[in-house]
Amino acid sequence: MEVLIAANAEEAARFAAKAVIDGLRTRVTGDPVLGVATGSTPLGLYAELARAVGRGDADFGKTTAFALDEYVGLEGTHEQSYRQTLVTELCNVIGLPESRLHTPDGHGDSEERIRAQAAAYDAAIVDARIDVQILGIGTNGHIGFNEPGSSLRSRTRIKRLSAQTRMDNARFFDGLDAVPTHSVTQGLGTILDSRRMVLVATGSRKAAAIAAAVEGPLSAACPASVLQLHPDAVVVLDEAAAAGLRNRAYYDDSAAGLQFGI
Ligand code: F6R
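Residues numbered from 1 in each chain as written. Predicted model: local features only at pLDDT ≥ 70, side-chain atom pairs only at ≥ 80, totals over all residues. Heavy atoms only, no water.

Participant: Lay out the overall build of the protein chain in plain terms, naming residues and giving numbers.
Facilitator: Scanning the protein chain from N- to C-terminus turns up eight helices and ten strands. Against the globule reference of 18 Å for 262 residues, the protein chain gives a C-alpha radius of gyration of 17 Å, in line with a compact fold. Residue burial in the protein chain is summarised as follows: out of 262 residues, 52% are buried. Long-range contacts, defined as pairs at least 24 residues apart, comprise 77% of the intrachain contacts of the protein chain with a sequence gap of at least 6. Working note: accessible area of the protein chain is about 11700 Å², and carbon and sulfur atoms make up 51% of it. Positive and negative side-chain charges in the protein chain, numbering 25 and 32 respectively, have mean positions lying 3 Å apart. (Helix = DSSP H or I, 4+ residues; strand = E, 2+ residues; numbered from the N terminus. Rg over C-alpha atoms; globule rule 2.2 N^0.38 Å. Buried < 20%, exposed > 50% of the residue type's maximum accessible area, 1.4 Å probe, protein only. Contact = heavy atoms within 4.5 Å. Areas by Shrake-Rupley, 256 points an atom, 1.4 Å probe, with all protein chains shown as cover. Lys, Arg positive; Asp, Glu negative; His and termini not counted. Charge placed at Lys NZ, Arg CZ, Asp CG, Glu CD.)

This is the structure we're talking about:
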């Protein structure tokens, strides 16, 4: 695992964009496949990717994207659906064609139908193989909507949202009652299949979750700790999110080595 600690959120976005673009370039055959997250954290990263496009350093016109998760019960056209959010905050920003954006389908007339859609989505990811999976982290240590207690080998499925997550996300809805209770989320096993993971966290509210994920035990109690199992996990933090880390000096030494290509 590489832990990169930036001076602030803007620098973290630049570090993360470089990790994403470098990771996509390593694909040998076929068009690149990107795993994408919603939420507030990746917005700076998406703006940096747009800048890279402007400079001619990246082009997402032939990139396929798979979203981490979607709310159950919201149609893909709903304003707060993750599909619509990603069209606005990702596709329109970095020039990724909407037709190349895949999102789980959390809408259906029965639970059985939604389960079948989740299984088909997982199979499509296995088929495509994600080159770089972008991740945020919840204050409770979730990635995607894999809440504490999620199986470390789980696949895309319906998952109940925790009370903490619903409160954290109420800011996007007209109050807590309007926040869906369930999601369809890539599982931790699905996320681990990606060739590179780039997790970004900023702000002091994420410090405890980051300390548990990076330096705590591998445990379903902190789903993001599965990063410890991945051979190419990059964790990009600002100072506030890194505040709880004990091995800080080592991460800084290691990152300095990276600048020299070691
Ligand atoms: C979003 C997702 C979530 C968020 C996490 C952090 O697709 O999968 O895991 O990344 O809840 O959200 P923000 O960035 O809004 O703090």
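Participant: Describe in detail the side chain of H142, supporting the description with residues and values.
Facilitator: Among the structural elements, H142 can be located in the loop between β6 (132–135) and β7 (157–160). Judged by relative accessible area, H142 falls into the buried class, the value being 10%.

Participant: Run through the pattern of salt bridges, naming residues and quoting values.
Facilitator: Inspection of the entire model under this criterion finds 14 salt bridges. Across the pair R155 and D122 runs a salt bridge, and its minimum N-O distance is 3.0 Å. Pair noted here: R155 is in the loop between β6 and β7 and D122 is in helix α4 (residues 111–128), with a separation of 33 residues, a long-range link. Using a relative accessible area of 31% as the deciding quantity, one classes R155 as partly exposed. Exposure remark for D122: the relative accessible area of 7% places this residue in the buried category. (Salt bridge = Lys/Arg side-chain N within 4 Å of Asp/Glu carboxyl O.)

Participant: How would you sum up the pairing of strand β1 (residues 2–6)? Please name residues and give values.
Facilitator: In terms of residue burial, β1 counts as a mostly covered element, since four of its five residues are buried. Sheet topology note: the β1/strand β10 (residues 233–238) ladder contains five bridges and is parallel. Bridging from a neighbouring strand, L4 pairs with V236 of β10. (Pairing = 2+ DSSP bridges.)

Participant: If you had to explain the sheet that holds strand β9 (residues 196–201) to someone new, which residues and values would you point to?
Facilitator: In space, the seven strands of this open sheet follow the order β1-β10-β9-β6-β2-β3-β5, with parallel pairing throughout. Edge positions in the sheet fall to β1 and β5 (101–102), since each has one partner strand and no second. The sheet contact formed by β6 and β9 spans four bridges and is parallel. The partner of V132 across the bridge, within β9, is R196.

Participant: With reference to specific residues and values, describe the site of the ligand.
Facilitator: In the vicinity of the ligand lie 15 residues, with T38, T41, D69, H142 and K206 positioned nearest. Bound to the protein, the ligand loses 93% of the 410 Å² it would expose on its own. Taken atom by atom, the bulk of the ligand overlaps the largest pocket. (Near = heavy atom within 4 Å. 1 Å grid on protein atoms, 1.4 Å probe; cavity = no way out; pocket = protein on both sides within 12 Å on 5 of 7 lines; lining within 4 Å. Sits in = over half its atoms within 2 Å of the grid points.)

Participant: Run through the packing of helix α2 (residues 42–55) against helix α3 (residues 82–94), naming residues and quoting values.
Facilitator: Where α2 contacts α3, the axes come no closer than 9 Å and their chain directions differ by 15°. In terms of their interaxial angle, α2 and α3 are classed as roughly parallel. Seen along the crossing, α2 lies across α3 with a hand that is left-handed. Where α2 approaches α3, its residues L43, Y46, A47, L49, A50 and V53 are matched on the opposing element by E89, L90, V93 and I94. Among the residues making up the contact of α2 with α3, the classes are represented as nine nonpolar, no polar and one charged. (Axes fitted to C-alpha atoms, helices over the stretch in contact; angles between N-to-C directions. Parallel < 35°, antiparallel > 145°, perpendicular 65-115°, else oblique. Left-handed = near helix turned anticlockwise from the far one by under 90°. Nonpolar A, V, L, I, M, F, W, Y, C, P; charged D, E, K, R; others polar.)

Participant: Explain the layout of surface pockets to me, and be specific about the residues and the numbers.
Facilitator: In this structure, the largest pocket spans a volume of roughly 600 Å³. For the largest pocket, the lining is made up of 36 residues, of which T38, G39, S40, N169 and R171 are closest to its centre. Elements supplying a minimum of two residues to the lining of the largest pocket: β4 (69–71), α3 and α5 (163–169). In terms of residues, the lining of the largest pocket owes the most to one element, α3, which gives five residues. Per-class residue counts for the lining of the largest pocket are ten nonpolar, 19 polar and seven charged. (Points joined across faces, edges and corners; volume = space filled by probe spheres on them.)

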